[in-house]
Amino acid sequence: MNLFRNRPFAFAAFSAVVLTLAVTALELSHRWIFSLLLLVGAAVLFVVAIVRRKCGKVQSTAILLCLLSAVLLFGSWGFFNRKVDFLKAQSGKTVTAEGIVTARISTGASQSTFAFSLQALDEQAVSQAVLLQCDYLSAQHPGERVRVTGTVEGFASLKEDPDVSYHLADGYSGILNCAKAEDCQVLASGERSLRVILSEWNTALSEQLVERLGKQEGGLAAALVLGNRSFLSSVETVSFRRVGISHFLALSGLHVGILIAAVECLLRLFRAPRAIRIGAILPLSLCYLAITGASLSTARAVCMAAMLSVAFLLRRTYDPPTAIFTALVVILAVQPCAIVDSGLWLSFLA
């Protein structure tokens, strides 16, 4: 417990994450109720503190714990219960869906897979990311708005099939299978969402690597440097998954650390002051985050680098444990699906 001594926020964040992880493992269906109860608990503790005109360390930590747990559990309910379970209930049904193709995931000899921003399902408005799996060689491009008639395939529970965590961690809540090319109609092209723009930048850089290094070496380089796995063959992708090292393809703090170290060495050669070197960390990290498609693992490292630079510029002490747990809470609050990401836990446990 020495790790949390005089670190109330770190303790509250750690406890909130542990509670959310336990609820996720148990696959409880009414997580919003727990979130509501925790909010009530935080309100009661806050009122007691006002009446007593005193809020001690234990009480403030309890309030933080209730608030952070409520936020994380509510986000977890929104993703797993409202999105994943919704598509699971639609499994096997033939539906008409409309949305935007945001990225090409993989292309095989007779099958193509895309990241698909689902916006309508049988004329019912929805908003979630799914995998669009075409049982034919498709020429869809990111930014195209399409109407698809296909079959919904919901993900099994984590207890039944642990491999689904691979897709859940990427934010996908299910799969939409399209059997025939005529069942996929392009309605418009050129949709310029931020996600599409980031995907285009990433694809353009990946194509340059493939062109200069060759198909196999360039595809692996694109996966390792830019996090783009679409240039890997299906055999290579399955091989990584079978031996349990798919997380090696996920971008991490190592990539951001190498970038920061290289730029700092360059600035040292030009005798740049330390304030400029530290101040350059945040914009450079954000640029790399944008180029690599804003993956969760890269966002984790960028969040840590941002807190380091801000602490230095504000002349505050940088506390690594507090920064680590702050980054973890921020990531899980923004992307609840990250809780099943093995790469995230390997990084934070290390």
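Above this text is the structure in question.
Contact geometry of helix α8 (residues 253-269) with helix α10 (residues 281-291) gives a least axis separation of 10 Å together with a crossing angle of 135°. Taken together, α8 and α10 sit at an angle that is classed as oblique. Crossing handedness for the pair α8 and α10: right-handed. Here α8 contributes H255, V256, L259, I260 and V263 to the contact with α10, which in turn contributes I281, L284, S285 and Y288.

Take the environment of L67 next. Considering the arrangement of structural elements, one finds L67 in helix α3 (residues 57-89). Among the residues examined, L67 registers a relative accessible area of 37% and is labelled partly exposed. On a C-alpha basis, the gap between L67 and S35 in space is 8.6 Å, while along the polypeptide they are 32 residues apart. Sequence-distant contacts of L67, defined by excluding residues within four places in its chain, comprise L39 and A42.

So, on to the packing of aromatic side chains. In total, this model carries three aromatic pairs according to the counting rule given. Taken together, a centroid distance of 5.4 Å and an interplanar angle of 45° make the contact between F74 and W77 tilted. Taken together, the positions of F74 and W77, both in helix α3 and three residues apart, correspond to about one turn of that helix. Accessibility expressed as a relative area gives 47% for F74, which makes it partly exposed. Look at F79 and F80: their rings are 4.9 Å apart centre to centre, the planes differ by 85°, and that puts the pair in the edge-to-face class. By relative accessible area, F80 is classed as buried at 7%.

Cut-offs and rules
Residues numbered from 1 in each chain as written. Predicted model: local features only at pLDDT ≥ 70, side-chain atom pairs only at ≥ 80, totals over all residues. Heavy atoms only, no water. Axes fitted to C-alpha atoms, helices over the stretch in contact; angles between N-to-C directions. Helix = DSSP H or I, 4+ residues; strand = E, 2+ residues; numbered from the N terminus. Parallel < 35°, antiparallel > 145°, perpendicular 65-115°, else oblique. Left-handed = near helix turned anticlockwise from the far one by under 90°. Contact = heavy atoms within 4.5 Å. Buried < 20%, exposed > 50% of the residue type's maximum accessible area, 1.4 Å probe, protein only. Phe/Tyr/Trp six-rings, centres within 6.5 Å; stacked < 30°, edge-to-face > 60°.

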